[in-house]
Structure formats: C-alpha cells, structure tokens
Amino acid sequence: MTVREVACRTILTRTGGFLEGFSHTLNPYRGCSHGRSLCGVACYAPALLRGSGGPWGTFLEAKTNAAEAYVKDLARERRRGPVRVFCASVTDPYVPQETRLKVTRRVLEAMVEHPPDGLVLQTHTPGPLRDLDLLRALPCDLAVQVSVETDQERLPGLPPQAFSPAERLAALRTMKEAGLRAVGVVAPLLPLRDTEAFARALDEACTSVIVDHWLVGDGSKDGARTRRRGLPDVLEKHGYGDWNRIEALERTTHVFRGVLGEDRVGVSREGFNR
C-alpha cells in the first residue's frame, strides 16, 4: 500500500445525477485502502478516477489540508445556495490510515464550527464511532450510512470483508442509541443467507435502510462497470446467479418493507436522495 500526504486546492465538488439530492461531494482521501476487500469488488470509483496511482486498493492519498479547504469552499459555495454534502463518493472516510492521519476527524471538527446544511457520512466501517462526540455536536441535518452488503461472513470466490456484518450492525445500533440517524446501506445487494432474519437485524440496528443492486446503482448501462470487474461471473460460478437479476432487488425490498415498514426502506437513487 502506497500512502502519500497531499494538499488539495478544493474539497467540495458540485454533484448531481445519481446524487441529485446533494449539492456537493467531499472526499477526504483519494484511492481507498479497503479496495482489495469485498467492498472493492463492485466499487465504481476506479472508473471515475483518472490517473490513478496503481491497481485499486494499492494506493491512498490523504488530503491533509481538507479541513481548511472545506471552510474556504463552504464560504464560496454557500453563495450559490444550500450546501448538502455526501461524504464520501469515491473513497471511504474511515480507511485504516484515518486512525493516524485524522483527515476526516478534522473535517468534522471544522463542520461543527462551520456546518453545511446537510451531511451524509457513508462508510463500510464502524469508524464513525471514534467521532461520535463530533457527530452528536454537528448542528446540521445528519445521517450516518454504513454499508452492509450481505449477512454472510464470507462469499465463495470473493475477498474477505473489511469488517464483518455483525461489527457493522453493532456500530449502527450504537449510533442509533446515541440519537443519530443510522442508515444501513445494503448496496450493492449481495447474496443473503436469510433475508427475513437480516431484515430483523437491520430493523433493530437502523433508523432506516437503503437497498440497491449493481444493475441499477453502479452508474452505467446494464451494470457495465460491475460486469467488467467480474462480480456477476463469480456469483454465477458459485451458484448465486439468481442474485445477478433485478428480481433479487425486488424480492429483497418486499421482505425488508414487510419487516421495517414502507417508510423505512428506500431503494436505489430515491433511497440515497431521500
């Protein structure tokens, strides 16, 4: 893993499209050191980053002045309207190096003093628990989203997860109990062992859930990006081919809504922008 500390000129990037409910994205890092775990298999970030530093999951650039850039950018961008931030769209704000570098934590500290109008903090990890003090102090509309793509500890033919489903559900539960909006993100939907039991676990741990399928949510026609990365072929090879079809999203959503209720389950684009 190659890790570099870099300075950025700006940190807020105007967005739209799939994230039409947000005005900006904020990525504290470039690259992702979780990229060789399960979440990296279907990640669309490599297709969006130009001039990457090597194979996905082998490089990381830490934007060490991200907090200062955020304060400067916020003052400029707020003149154009409300600033609603999605963090992060092409990295994870809680890569392992965050424990040492604290780039995300310093951004959150800046946000406590200079809050955006809204913030979604999305991660594959229990990392937000380290910043629970700051998250509870943020004076803005806030949701913390933790991806939990499957209820299985390991899927054959695919790399291990960075954190187990149980660890991530426990983190969501802690944040929910702390009064935060804790959102479980089942995206991309991967094969489930027991859909109803998983729905009950999400019901206990989360305030709401988003479910998505790579056919819909990877940002390319018919999931071309995910197909190029080989995930559908691996699922087919190991007997999970039915999870490659859109019917998997439909039946999972039906079960989830039966357990959690219609209003607590969002789907794909609508769910992320709710």
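Our structure is the block above this text.
Predicted, not measured: the structure shown is a model, and the values here were computed from it. (Residues numbered from 1 in each chain as written. Predicted model: local features only at pLDDT ≥ 70, side-chain atom pairs only at ≥ 80, totals over all residues. Heavy atoms only, no water.)

Chemist: Explanation requested: unusual backbone geometry in the structure shown.
Modeler: Residues apart from glycine generally show negative phi values, whereas peptide bonds are mostly found in trans. Note the cis peptide between C87 and A88, where omega equals 15°. Position of A88 relative to the elements: it lies in the loop between β6 (84-87) and α4 (98-101). In this structure, P188 follows A187 across a cis peptide bond, with omega equal to -10°. Among the secondary structure elements, P188 is positioned in the loop between β9 (182-186) and α8 (195-205). Non-glycine residue K102 carries a positive phi angle of around 55°. Along the chain, K102 turns up in the loop between α4 and α5 (103-113). In this structure, S268 is a non-glycine residue whose phi angle is positive, near 50°. Inspection of the secondary structure puts S268 in helix α13 (residues 268-273). Relative accessible area serves as the criterion here: at 6%, S268 is assigned to the buried category. (Helix = DSSP H or I, 4+ residues; strand = E, 2+ residues; numbered from the N terminus. Buried < 20%, exposed > 50% of the residue type's maximum accessible area, 1.4 Å probe, protein only.)

Chemist: Would you explain the pattern of salt bridges in this entry?
Modeler: A side chain of one charge can pair with a side chain of the opposite charge if their charged atoms are brought near each other. The tally for this structure, following the rule as stated, stands at 19 salt bridges. For R14, the salt bridge identified is with E77, shortest N-O distance 3.1 Å. With R14 in strand β2 (residues 12-14) and E77 in helix α3 (residues 66-77), the pair connects residues that are 63 residues apart, well separated along the chain. For R14, a relative accessible area of 41% gives the class partly exposed. In this structure E77 comes out as buried when scored by relative accessible area, which is 5%. Within this structure, R14, D73, R76, E77 and R80 form a network of salt bridges that share partners. (Salt bridge = Lys/Arg side-chain N within 4 Å of Asp/Glu carboxyl O.)

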